[in-house]
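Chain by chain, the residues:
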Amino acid sequence: MTDFKAENWRSNSRPANYWHNAGEKIQCDLCPRHCELKPGQKGFCQVRGNVEGEMHTFNYGISVQATIENIETEAVNHYRPGSKILSMGNVGCMMACSYCQNWQTSQVKFLNDKNVHHYTPQDVIDLAIENGIEIISWTYNDPVVWQEFVVDTSRLAHANGIKTLYKSALYIEEEPLKELIEVIDIFSVSLKGMDPEMYKKQTKGELQPVLDRIKLIGQTDRHLEISQLVVTDLNDDGEDAAKTAIWMKENLGTHIPLHLVAYHPAFRYTKERTSIETLLKLREIVLEIGLEYCYLGNVYADNVSNTNCKSCNEKLVQRFGLSVEVKAIDNNGNCSNCGTKTPIIEPKMGVSKKIEVPNFQPKRSLTFDWKKEAVNSLHIIVDDKHKDAFLRIERLPVGEVEFLKITAGLERLILSKSNAQELLLSVQIDIDVELDFLPVLDRAHFPVKNASTSSDKYLN
Ligand code: SF4
């Protein structure tokens, strides 16, 4: 725990929920770590602390840049496939995974001011509405340590007819989770493995509370999907996949999807990337145990993440990386071929209406070479001081031209390779501002510019 100076407390410090007095200290009851803090101390997450005997949150409304992504980015395949989401990621985390894919923003000591933005709940809702987005996602660095902002904004989202998605490692106490269940529609839980020792050593968390909280969500009507990052030499020998599948079957049922996700070397863990052969082998194990839906994540290949009908094997949803096509589901959610009920919730709600911009006049353009950069997704960055703009996206050598709108206040959106033949992505914009690309190494990854040393400026 780090001491911090009272004179540095800033306007972001505000009273937090979920704590109690513990003698001379206070104890945090938000996550199972239960930090006990003297006045002036911050917790393990660095974004909550004891301010004159009261628990405060320091990151209310503090986020990395809001980004337009796809629901599949969040390991959610059975809810409105292809939906655009507004991804919001805070700073700080209650865990410290050795292989963290977002360590430059989850671990506060590595944070750079340039990656920090301030939002009010109304700002987030306005961005979603102005950009025609119907799902807000709490993601990247774990939203557990953003509880107050997540709950306030999610309530406002529901009041405006917007759905909410919570992507988390779920190392959280039961009471705050119950509060979330009231305001979150879709939970995507990252279960790191099934070995308690691995959890302690590699994530600085604990397994059992995570399993207990997943069970709690499983008892509600909230949408739930589970993902597991398959990390080379940590949980890739088949034992964790088997234990995970057995536990899910016994505690959640066979209908909940499991996503096996390729890891890339990051932070303090530098073993090689997970191979597709390993993922395919683990998927066989999972399916043999009896889970009905097992998808591969961070893999850009055909036939690794489609959803097929359980009765007639018709291809219901075709996926390639983050690109999705709903193929054979009728308006009632049934298989168009045999009429069997599919597992997909609101299958037609995610399909965006095509925008036509007949007199598009490009002012700036950039081209991205997928092969040269050896990635499959990227964030397009539009300089932050811009007005509403249209982007023209062309995929080469073959592909439909697509127009996207990005409103003032939004700087980022994700684009990914849409098929194995695609070589180049050409992006044009109709206003005169800087355009840039940042490679996205994997789907939960939030790429940052200027990652460098610590800044406590926004957190004191
Ligand atoms: S939320 Fe932060 S302060 Fe609270 S117990 Fe967890 S790590 Fe400690």
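In the block above lies the structure referred to throughout.
Remember, predicted model here, so these are calculated numbers, not experimental data.

What follows concerns unusual backbone geometry. Keep in mind that most residues, glycine aside, have a negative phi and that most peptide bonds are trans. Omega for the peptide link from Leu396 to Pro397 comes to 10°, which places this bond in the cis form. In this model, Asn298 sits at a positive phi of 60°, which is unusual for a non-glycine residue. By secondary structure assignment, the location of Asn298 is in the loop between strand S16 (294-297) and strand S17 (307-308).

This next bit is on the environment of Ala266. By secondary structure assignment, the location of Ala266 is in the loop between strand S15 (258-262) and helix H8 (276-289). For the pair formed by Ala266 and Trp103, sequence separation is 163 residues and the distance between their alpha carbons is 8.1 Å. Here Ala266 is in contact with Ser98, Tyr99, Cys100 and Gln101, once residues within four sequence places are set aside.

This brings us to the nonpolar core. Among the nonpolar cores identified, the biggest contains 103 residues, and Leu86, Ile136, Tyr166, Ile214, Ile226 and Ile380 are the most heavily contacted of them. In terms of nonpolar packing, the next biggest core, distinct from the first, is built from eleven residues, Tyr99, Val231, Phe267 and Tyr269 among them.

All right, on to the packing of aromatic side chains then. The geometry of an aromatic ring pair is captured by two quantities: the separation of the ring centres and the angle between the planes. Tallying each qualifying case throughout the model produces twelve aromatic pairs. One aromatic cluster is present, formed by Tyr60, Trp138, Trp146 and Phe149 through successive ring pairs. Across from the ring centre of Tyr293, 4.7 Å away, lies the NZ or CZ of Lys310, which sits over that ring. Over the aromatic face of Tyr295 sits the side chain of Arg319, whose NZ or CZ is 5.1 Å from the ring centroid.

Take the site of the ligand next. If you check the shell around the ligand, you find Cys28, Leu30, Cys31, Arg33, His34, Cys35, Gly43, Phe44, Cys45, Arg48 and Val145 and nothing else. Here the residues of the shell around the ligand are counted per class, giving seven nonpolar, two polar and two charged.

Glancing now at the sheet that holds strand S3 (residues 25-28). One key point about sheets: their strands pair by backbone hydrogen bonds, in either a parallel or an antiparallel sense. Spatially, three strands are ordered S2-S3-S4 in an open sheet, and the strand pairing comes out antiparallel. With partners counted over all chains shown, the strands left at the sheet margins are strand S2 (19-22) and strand S4 (36-37), one partner each. Two elements, S3 and S4, share two bridges in a ladder whose sense is antiparallel. Counted as the bridge partner of Gln27 is Glu36 from S4.

Calculation criteria
Residues numbered from 1 in each chain as written. Predicted model: local features only at pLDDT ≥ 70, side-chain atom pairs only at ≥ 80, totals over all residues. Heavy atoms only, no water. Helix = DSSP H or I, 4+ residues; strand = E, 2+ residues; numbered from the N terminus. Contact = heavy atoms within 4.5 Å. Core = buried A, V, L, I, M, F, W, Y, C linked by side-chain atoms within 4.5 Å. Buried < 20%, exposed > 50% of the residue type's maximum accessible area, 1.4 Å probe, protein only. Phe/Tyr/Trp six-rings, centres within 6.5 Å; stacked < 30°, edge-to-face > 60°. Lys NZ or Arg CZ within 6 Å of the ring centre and 35° of its normal. Near = heavy atom within 4 Å. Nonpolar A, V, L, I, M, F, W, Y, C, P; charged D, E, K, R; others polar. Pairing = 2+ DSSP bridges.

Keep in mind these values describe shape, not function.
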